[in-house]
Amino acid sequence: MTAKTRDATIINPNPPARRSIMVRLRLPLLLLTAAAFAAVGFYYWHYSQTFPTTNDAYVSAHIVHVAPQVGGPVVKSYVRNNESVRSGDPLVDIDPAPYDIALKSAAAQFDQAVEAAGKTADKVSAAAAKLADKRNALDSARKAFDLAKSQVQAGSAQQSVLDESAAALDRAEKAFEDAQADMAKAQEEIGKGGIQRTQLRVAAAALQKAELDRANVSISAPVGGWVSGMELRPGAMAQPGRPLFSIVENGGWWVDANFKETDLTRIRPGQKAQVKIDMYPGLVIDGVVDSISAGSGAVFSLLPPENATGNWVKVTQRFTVRVAIPKPPADRDRPLRVGASAYVTVDTSDAVK
């Protein structure tokens, strides 16, 4: 053996024995690697089938559009944009002058009809007097609430004063509604027949309408929540039935999650879900599947797709799954907001029949 051969034998990094071991282990390693990839793929497939997810989801709540029942210029606004209000809180006052005049005219015509009808008008006359009294009491309760709210905001009164005035306002509104019902019942008891009774019924209905219009110049919050889109200023003209602003109700929250149609195989109402809000990283909210839309989003769009053409392309459709949030976060620093993006995962492991 030459020196060159000896040197090559010494420095050979892959002796025949080592190469044979690597050759024998190559196939098991490849099989093990393939099995690992297959296991990971199966786990991912099984997880995606059991826990379908989507990031095409948005927080929603009931939104009440506040519109006046009577028209006229706005004389006062009690709330600001994004302010929290309770049900029954005063929102806006419309100029009452035209309605005061209309009420006086209706009252005069009613008195004339009562005089002509004699004893037949006793019950409806008493009901009208009660209605006027309760409407005046309602006006006083609204003014008291406004004063208490101003004092609390200025720091000159305790919150308990505002709570008491709010309770008194609720009672006044209920009493006015009861007086309206009594007035309607009294009108029914007038009976039919005779021109005097007919005139009395007409006058009583006109008076009740005038009382209601006068009460409606003050707009109260129909629900509790947050004022949104409030741009009214004194002097702005309010039109009957035309929304002035909106209130995002705080009575219930949910998420509209748009799942692919291939993910709906196992999703059922009643299943548990997890909701993550993009604006609050790390926050996980428990939810429950409430319902599944009967149609895809494309069906209800302004311009539904026309698939009866030669250029048809199949696209996976999405269906809205409404996930209710029974217990919203109690943290005031992380309130839910309508339209916020969310990430929803539904647990279908415990299938609900």
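The rules behind each value
Residues numbered from 1 in each chain as written. Predicted model: local features only at pLDDT ≥ 70, side-chain atom pairs only at ≥ 80, totals over all residues. Heavy atoms only, no water. Salt bridge = Lys/Arg side-chain N within 4 Å of Asp/Glu carboxyl O. Helix = DSSP H or I, 4+ residues; strand = E, 2+ residues; numbered from the N terminus. Buried < 20%, exposed > 50% of the residue type's maximum accessible area, 1.4 Å probe, protein only. Expected span 1.5 Å × (residues − 1). Arc of directions from axis to C-beta. Axes fitted to C-alpha atoms, helices over the stretch in contact; angles between N-to-C directions. Parallel < 35°, antiparallel > 145°, perpendicular 65-115°, else oblique. Left-handed = near helix turned anticlockwise from the far one by under 90°. Contact = heavy atoms within 4.5 Å. Nonpolar A, V, L, I, M, F, W, Y, C, P; charged D, E, K, R; others polar. Pairing = 2+ DSSP bridges.

(A) Main features of the pattern of salt bridges. One pass over the full model with this rule turns up 13 salt bridges. Across the pair R135 and D139 runs a salt bridge whose closest N-O atoms are separated by 3.2 Å. Of this pair, R135 and D139 both sit in helix α4 (residues 122–154), 4 residues apart, which is roughly one turn of the helix. Note on R135: relative accessible area 9%, which makes it buried. The exposure class of D139 is buried, given its relative accessible area of 13%. The partner of E211 in a salt bridge is R135, and the shortest N-O contact between them spans 2.9 Å. With E211 in helix α6 (residues 195–215) and R135 in helix α4, this residue pair connects regions lying 76 residues apart in the sequence. Comparing E211 with R135, the two get one shared label, buried. What emerges from the salt-bridge pattern is a single network uniting D100, R135, D139, E211 and R214.

(B) Looking closely at helix α3 (residues 97–117). The terminal C-alpha atoms of α3 lie 30 Å apart, and with 21 residues this matches the ideal 30 Å at 1.5 Å per residue to within 8%. For α3, the set of buried residues is Y99, L103, A106, F110, A113, V114 and A117. With its buried residues spanning 100° around the axis, α3 presents them on a single face. Exposed side chains of α3 directed beyond 90 degrees from the buried face belong to I101, K104, Q112 and E115. Just downstream of α3, G118 is the residue with a positive phi angle, here 70°.

(C) Inspection of the packing of α3 against α6 at higher detail. Contact geometry for α3 and α6: axes closest at 8 Å, N-to-C directions at 155°. Our classification of the angle between α3 and α6 gives roughly antiparallel. Relative to α6, the crossing made by α3 is left-handed. On α6, the residues touching Y99, D100, A102, L103, A106, A107, Q109, F110, A113, V114, A116 and A117 of α3 are Q196, Q199, L200, A203, A204, A206, L207, A210, E211, D213 and R214. Here the contact of α3 with α6 is built from residues that sort into 16 nonpolar, 3 polar and 4 charged.

(D) Region of the structure containing the sheet that holds strand β2 (residues 72–77). A sheet is described by the order of its strands in space; here 4 strands give the open sequence β5-β4-β2-β7, paired in antiparallel fashion. The two strands at the open ends of the sheet, each matched to only one other strand, are β5 (218–220) and β7 (237–238). Two elements, strand β4 (residues 90–94) and β5, share 3 bridges in a ladder whose sense is antiparallel. Across the sheet, the residue bridging to P90 is S220, located in β5.

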